[in-house]
Structure formats: C-alpha cells, structure tokens
Amino acid sequence: MASWPSSPTLLGKSTRRLDGPAKASGRATYAYDIRRPGMLYARIVRSPHAHARVRAVNVSAAEKAPGVRAVLPLVDVSQPDAAKAMYQGDEVVAIAADTEEQAHDAARLVTVDYEVLPHLATVEQAMRPEAPAVFPKGNVTQGSLEEEGDLAAGFAAAAHVVEGTYSTQVQTHSCLETHGCVAEWEGDRLTAWVSTQAVHATANGVATALGVPQTNVRIITEYMGGGFGSKLGPDFEVVVASKLARQAGKPVKLMLDRKEEQLGTGNRPSAYAKVRAGVDAQGKFVAFDAETWGTGGAGQGAGFPLPYPVYVWTSRRRRHRDVYINAGPQRAMRAPGHPQGSFITEVVIDELADKLGMDPLELRLKNLPPEEPNRMWGKYFQMAAARIGWSRRHKTGDPAPGPIKRGLGCAANRWGGGGSQQTRGHAEIHPDGSALIRIGTQDIGTGTRTVLALIVAETYGLPLGAVKVEIGDSRYPFAPGSGGSVTIGSVSPVARIAAEQALGQLVAKVAPSIGADPLALAAKDGRIFVKDDPSTGVTWKEACTLLGTTPIVVDSQWEKGLSSVGTSGVQFADVEVDVETGVTRVKKIVCVQDTGLIVDKLTAESQCYGGITMGIGFALYEHRILDRNTARMVNPNMEWYLLPGPSDIPEIDITLVDQPERGVVGLGEPPTISTAAAIANAVANAIGARVRDLPVTPAHVLAALDRQREGGTL
C-alpha cells in the first residue's frame, strides 16, 4: 500500500513554482495567446435589456459585411416563449470574421426587434406581492425549512437575545483571463484551447452539445488565468466558437471582454437573513432562528449554510427562499455559500458577546464542538489570538481620541475537500533516465505542476527539474475539475502511487545487478542503493540503462489512505476606521489553517494569500450594482467594480498547521471564508456601531454611526 515518506527531502519545503519563469517572462501560453493559421475572431451580440422577447433578428447586413465568415443565431424566434433574454447580456447572435475589428463592426449591423418585458432588478422588487410574474414557477421559491432542537425552550433559557437583518452583496468572479477559447476542426475532430478548470468535463459537455463522440473532442488548457469556480463547466462560449468554426471551416477565437465577463459568467449570490438568536447567562448558544433569502440571478438559487456549522447551537430553525431577478446567473464561487454564512453567524456572535458583556473570543471557545483533527478551532483561536495581540483588544468602541479608531475581530472557517476516486495517472521512466508524470488535470494558477513534480521527484530521489509534468489535456488520464479544493487530494495520491509502482519496477531491475533484495533498496540523491549499505548501489542513470530500450510505463488509479477530508481554520483582523470619512483600512490579517500533509509550503501559503485577498474584496469593495429601474449593471468594468489593489493588501500572517498523518487536504476554499466576518467584527470593535451589510463601504460605516447616535445598532 502506498504511503508518504516519513523523512521527506522535498515535501513540506517552500519550493518555487516550476512555471514561475514562464509566467513572469510572458512565455506561458494561455487560451488568450493561441493563434492558429487562418484564425477568425468572434463576437456575440447580446441583449441590452434585462428582460425582453426577441421578436425578430436581421443579420443580412452583417452577413455582407467585410470579412464575415459565419453568422450563428443563438435564439429561435419561431418559439416566442423561448426566444427571451432573461438578463442584460443574454446571447442573441454570434459572428466570426477575419479580424476582431470586422467582427465588432459586423455585430453592430445586426438588428434585433425586442419586446421589452417587465423586469426585476432587486430582491425587494421580486418579493413584492404586486411584482410581475417574470419566472414561470414564480419569482420566489416556496422555501425550505430546517429545524433541530426545541427552539421555544432555547429562547426561554436565553439570558440575552439579539435580533437583526444582515446581508451580503453579489460578488463577481473577475477572472484575470476572461472566459473563452480557440476552436479548430480537422474533419470531424475538434480541438479547443479553453480557459477552463476542467478539461475532461469540458470535453464531455462540448461533445454532448455538438452531438459528436467525446473521443472526437480534445480540450487543451496549458495555462489559465483564474476561474474561482466559474470555469468548471462546458462554457457556452466554447460551444458557440466550435459551431462558428465548423460553419466557417476555419479556427475561431472567442474571448469575452470585461463587460461580458461581468454580465454573464457567474457570481456569488447575495444573502439576506433576519436573525433572532439567544445565549444563556453562562455563555452557551441556546437558540438561532432565521428567515433567509437571496438571489442567484435569473432562475438561480442562493443557498448558504446558516448558522455557519462551526459552533454548537442547542436549538435552531431556518426558513429559506430563493429569489429570482433579471440578472446574470450565479455560478459556484470559491467556497460557495460559506463566506455569506460565516459573515452572518460571526457577526451575530459578536453581538451576543456584547449583550453578555463577554469577550467574543471567550464566547466562541465556550461553544465549539469537541476537537478532532479537522476541527481544531479552539487551539487555532488561541494561536491566532497570540499572534494578533488579542490581549490589547478594547471593548466595543475604541475610546481613543481622534477620528481614527482601531479594532480587532475574529471568525472561523471549515471546508470538506477530499479527492476523487475516479482520478487516474500515468508514469514513465525511460532508459536515458528521464521521468514523466501525466494526468488530465489542469493548473488553474495554484501550482499543480510543481506539486506533481515534487511528489514524483521525492519518490524517485531526484531533483525537481528531473521530472516532466504533462497536464491540461483531455487526452490524458481522467482527473476531476479543479473546484471545491479537490485537486490536490485527487492528483497527489495518484502521482505517488504511479511513481512508487514505476520505481518498484526499476528497483527490480537493479537488485540482481548488485546482488540485493529489491525490498532492501532505496532511491535518494540520484542513486538507488542498499538501505543498510549506501555504498552499494548505482546512479539513477546507471539504473535506467538496465531497462535496455523498453521504458517503464505505469497506469495507476486513486486509492484511499494518502489524502483526507476536512479542514479547519481561523482568521483575525486588525483594522483602522476613520469615523469622519467612513474609510476602513485593514492593517493585518492573521490566519491559522490546518492543511493535512503540506506538499509545497509556498503554494499552500499562496492559497491563503489569494483567498484572504478575495475575502478583503468581499468585505470592503466588490459589489455588483444594478440600476433599479433598468436592471442593467452600472459597474461592469474594472474601474467601478472595485477590487483590492496592492495598496489595499495588509500584512498577512499565515500559520499552516502541518498534519502529515492525515495525508493531503485541499486548501483552495477555506482561506477566503472567514476574512469578511473577521473584518466586519473588527470594524464594529473600532467604531462602536454595527455594520450588518457587506461590503463595509464608507457609506455603510457612516450610516451605522448615524444609527448608533440615533438609537443604537448594538
């Protein structure tokens, strides 16, 4: 049975990424960089209306425009009930032309006859009794009920109760590389270079959509510029580009622009919660009752866990409804639902602590479940408290003179992760000493190439650069999409198993030549030698020459025992707030996160840096804003859709808790979950007023201060 080394040489160290030089120098090839001979460029004509019936589409002028090679209607106007745009940016027509400029010009020549229909721009509009029935099964779902324990008894036992309404905004993925691809046919075989998080799932989905065998579809993703969950499926753009390419008989490139990206490629849904929660005199959570709702856009739900499942509540009840509006539909976004649930729950806890007159950290520690390897919040809270200097925390409301107020806050996170047992891998050792690992996964910017090379090099006792890694191609052995923090838990065991099996075959060749038992041999420092007599052995290259002309080839599959499920972590925030301007500056974030076995410390830390940066954006800046009269997005760009820049990133103090006995565990999601909650609690600690709505903008801060002066928010 495969296992991880007890005394690793490479694993657990901070190793620079193999692809770093290629990315830094611009040599890395993304889908956006692909240029094929005779390639056409495509544009999509989109609805400017949030809700409209497409009565007619006239493409005759566009078809005659210079350079146009293919025109593809994307709505069937003969089906009036189906020929509708349900949000601004919904697709109507696609055009491919010789140049980007010609495609743009031709798109402007398309005339579309729209019947503008009533639309819903906000959840408030959609939930009104008099709201127009926009969606076939209603604008609001019937709702679901979750209930556990005796809620009435819980509130009867409560010494203090808090009530409030909390909300989080819609956050878009804002991938650095927009969605899109280059599609090229050779006979009935399609090759597409796609910016995707899932080469196999994309091949499957595109083949189904086109009605061709999956064996005829090849998806390549050498590098990709971020997805955060929005690129897990077979994107519509890939199908459109493939159809245009087949129609024109030439390769077609279709990459979305920034506005299209913001309108139609997914988002994190909004969340609203009207909460009533109680705590007894000893600080035990006794009741949590919530009515929740949110929108995932046009026909999409907005689920989120509540109360966030870190703390123990004696009784709880939650009724939830999804609200549909005429906006771009949601897609999975880094830790779907968790940041929303974490924010609402952790803010409520701080309010209960204020009511109780108890330190909020102490209150949290009183309500944690028993510790397990993937539930170590009690230990981590105390580790992080020491690193942030929690002992200097003042009671809610900084008493210091002047407009700049300082505050501390904290929050916890959890995630599942795990690995896919469907993952497969392929390893080769060649007579010249070269080694290869091949898996049909993809590197979405997290360092998968480096991680795979580390594992194989560790197994063979070779330097990192001696291993060639081939990924990002649907022709390679199956691996799941890179979402839900499952990649490392899927590919690491397979790589280790394949390498161990290949090494076993090589050792079997070496053993007779040095008169040793194969089980007595080890591989390290470029040699294969007798464990008890290291001087007896051969170099790696000498060993490989024993293969003659036949390489070692191993195909392996995932097995249990090398990976695990579940992570826990906490974050603390230190902020400054100007109570005259409402501007919040995050001074420091402390992160303590368990990780299972750390494969590469540097890439694991990078996951935390990235997740926390995204969490800061969710806390303070990012907000999809729709015009309430037209339901059109008013900030579909990088100027007015605010993302944190380098000057907004504070000191980030990361402590990774290595748990090698658990095997590898995914780390992509958890670091982004609790950042916003910790910041929001720190802001309240600073200003002495509670901001219950994200993002914590200057307007929200000043409004909270006004409400506090008028009657209180605490």
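The structure presented is a predicted model; accordingly, all values stated were derived computationally and were not measured.

**Student:** I'm lost on the overall build of the protein chain in this one. Help?
**Tutor:** Of the regular secondary structure elements, the protein chain holds 17 helices and 28 strands. Here the C-alpha radius of gyration of the protein chain, 28 Å, is about what a compact globule of 714 residues would show, namely 27 Å. Referenced to the eigenvectors of the C-alpha coordinate spread, the extents of the protein chain come out at roughly 85 × 70 × 45 Å. Relative to its full complement of 714 residues, the protein chain shows a buried share of 59%. When contacts within the protein chain are restricted to residue pairs at least 6 apart in sequence, those whose partners lie at least 24 apart make up 80%. Element-wise, carbon and sulfur atoms account for 51% of the exposed surface of the protein chain, whose accessible area totals about 27600 Å².

**Student:** Any chance you could explain the packing of helix α12 (residues 448–460) against helix α13 (residues 487–514) here in plain terms?
**Tutor:** Geometry of a packed helix pair, given as the angle between the helix axes and the separation of the axes. Their axes nearest at 9 Å, the elements α12 and α13 cross at an angle of 30 degrees. Relative to α13, the element α12 is oriented roughly parallel. Judged by the twist between their axes, the crossing of α12 over α13 is right-handed. Contact residues: Thr448, Val451, Leu452, Ile455, Val456, Thr459 and Tyr460 in α12; Thr487, Ile488, Val491, Ser492, Ala495, Arg496, Ala499, Glu500, Ala502 and Leu503 in α13. Here the residues of the contact of α12 with α13 are counted per class, giving eleven nonpolar, four polar and two charged.

**Student:** Help me understand the side chain of Ser420, please; the structure alone is not making it clear to me.
**Tutor:** Relative to the assigned elements, Ser420 resides in the loop between β18 (404–415) and β19 (424–429). The exposure class of Ser420 is buried, given its relative accessible area of 17%. Every residue in contact with Ser420, bar those within four places of it in the chain, is listed here: Pro480, Ser490 and Trp558.

**Student:** I would appreciate a short explanation of empty space enclosed by the protein in the present structure.
**Tutor:** With a probe scaled to a water molecule rolled over the atoms, the places where space remains empty come into view. The full count for this structure, using the stated rule, is two cavities of 30 Å³ or more. In this structure, the largest cavity encloses a volume near 70 Å³. Lining the largest cavity we find Tyr87, Gln88, Gln262, Leu263, Asn326, Ala327, Gly328, Arg624, Leu626, Ala631 and Met633. When grouped by side-chain class, the residues that make up the lining of the largest cavity number six nonpolar, four polar and one charged.

**Student:** Mind showing me how you'd approach the sheet that holds strand β4 (residues 84–85) here?
**Tutor:** Neighbouring strands of a sheet are bound in pairs by backbone hydrogen bonds; such pairs are parallel or else antiparallel. If you trace the three strands from one edge of the open sheet to the other, you get β4-β2-β6, paired in antiparallel fashion. A single partner strand is all that each edge strand has here, and the edge strands are β4 and β6 (111–116).

**Student:** Is there a simple way to explain the packing of aromatic side chains in this structure?
**Tutor:** Ring pairs (aromatic) are described by centroid distance and by the angle formed between their planes. On inspection of all chains with the given rule, the structure shows nine aromatic pairs. Centroid distance Phe381 to Phe572: 6.1 Å. Interplanar angle 75 degrees. Geometry classified as edge-to-face. Highlighted residues: Phe381 in helix α11 (residues 377–388) and Phe572 in strand β26 (residues 567–578), separated in sequence by 191 residues. Overall, the relative accessible area of 0% leaves Phe381 in the buried class. Assessed through its relative accessible area of 0%, Phe572 is described here as buried. An angle of 90 degrees between the planes, with centres 5.3 Å apart, marks the rings of Trp390 and Phe572 as edge-to-face.

**Student:** I'm lost on the environment of Leu602 in this one. Help?
**Tutor:** Relative to the helices and strands, Leu602 is located in helix α15 (residues 601–621). Classification of Leu602 by relative accessible area gives partly exposed; the value is 31%. On a C-alpha basis, the gap between Leu602 and Thr15 in space is 6.0 Å, while along the polypeptide they are 587 residues apart. Residues within four places of Leu602 in sequence aside, it is in contact with Lys13, Ser14, Thr15 and Arg16.

**Student:** Is there a simple way to think about the side chain of Asp648 in this case?
**Tutor:** Relative to the helices and strands, Asp648 is located in the loop between α15 and β28 (651–657). Side-chain polar atoms of Asp648 contact the side chain of Tyr621, separated by 3.3 Å. Not counting residues up to four positions away in its chain, the partners in contact with Asp648 are Arg585, Ile616, Tyr621 and Leu643.

**Student:** What am I meant to see in unusual backbone geometry here?
**Tutor:** Peptide bonds are mostly trans, and most non-glycine residues show a negative phi. The omega angle of the peptide bond from Leu306 to Pro307 is -10 degrees, so this bond is cis rather than trans. Structurally, the position occupied by Pro307 is in the loop between β16 (285–295) and β17 (316–323). Here the amide bond leading from Leu694 into Pro695 is cis, since omega sits at -5 degrees, within 30 degrees of zero. Note that Pro695 resides in the loop between α16 (675–687) and α17 (698–710). In this structure, Phe228 takes a positive phi of about 55 degrees despite not being glycine. Within the secondary structure, Phe228 sits in the loop between β12 (217–220) and α7 (236–248).

What counts, and at which threshold
- One numbering rule holds for all chains: residues counted from 1, following each sequence as written.
- Local features in a predicted model are, by the rule used here, given only for residues with pLDDT of at least 70; side-chain atom pairs are given and counted only at 80 or more, and totals for whole chains, interfaces and linings are based on all residues.
- Side-chain numbers come from the whole structure's heavy atoms, not from hydrogens or water.
- Numbering of helices and strands starts at the N terminus; helices are DSSP runs of H or I of at least 4 residues and strands are runs of E of at least 2.
- The atom set for the radius of gyration is the C-alpha atoms, and the globule formula is 2.2 Å times the number of residues raised to the power 0.38.
- When accessible area is computed with a 1.4 Å probe and restricted to protein chains, residues below 20% of their type maximum are described as buried, those above 50% as exposed, and intermediate ones as partly exposed.
- Residues are treated as being in contact if the distance between any of their heavy atoms lies within 4.5 Å.
- All accessibility values rest on the Shrake-Rupley procedure with a 1.4 Å probe; residue burial counts only the protein chains present in the view.
- Each axis is a line fitted through C-alpha atoms, and for a helix only the stretch in contact is used; angles between axes span 0 to 180 degrees, taken between their N-to-C directions.
- What sets the label is the angle itself: under 35 degrees gives roughly parallel, over 145 gives roughly antiparallel, 65 to 115 gives roughly perpendicular, and the rest give oblique.
- If you view the pair so one helix is near and one far, a crossing is left-handed when the near helix is turned anticlockwise from the far one by less than a right angle, and right-handed when it is turned clockwise.
- Three categories are distinguished: nonpolar for Ala, Val, Leu, Ile, Met, Phe, Trp, Tyr, Cys and Pro, charged for Asp, Glu, Lys and Arg, and polar for the others, with Gly belonging to the last.
- Residues are called lining when one of their atoms sits within 4 Å of a cavity or pocket point, these points coming from a 1 Å grid over the protein atoms alone, where a cavity is a set in which a 1.4 Å probe fits but cannot get out and a pocket is an open set with protein on both sides within 12 Å along at least five of seven lines.
- Grid points are joined across faces, edges and corners, and a volume is the space filled by probe spheres set on the points.
- At least two DSSP bridges between two strands are required for those strands to pair.
- Ring pairs shown here join Phe, Tyr and Trp side chains whose ring centres sit within 6.5 Å, with only the six-membered ring taken for Trp; geometry is labelled stacked below 30 degrees between planes, edge-to-face above 60, and tilted in between.
- In protein, a polar contact requires one atom able to donate a hydrogen and another able to accept it; more generally it is a pair of N or O atoms within 3.5 Å, and residues adjacent in sequence count only if both atoms are side-chain atoms.

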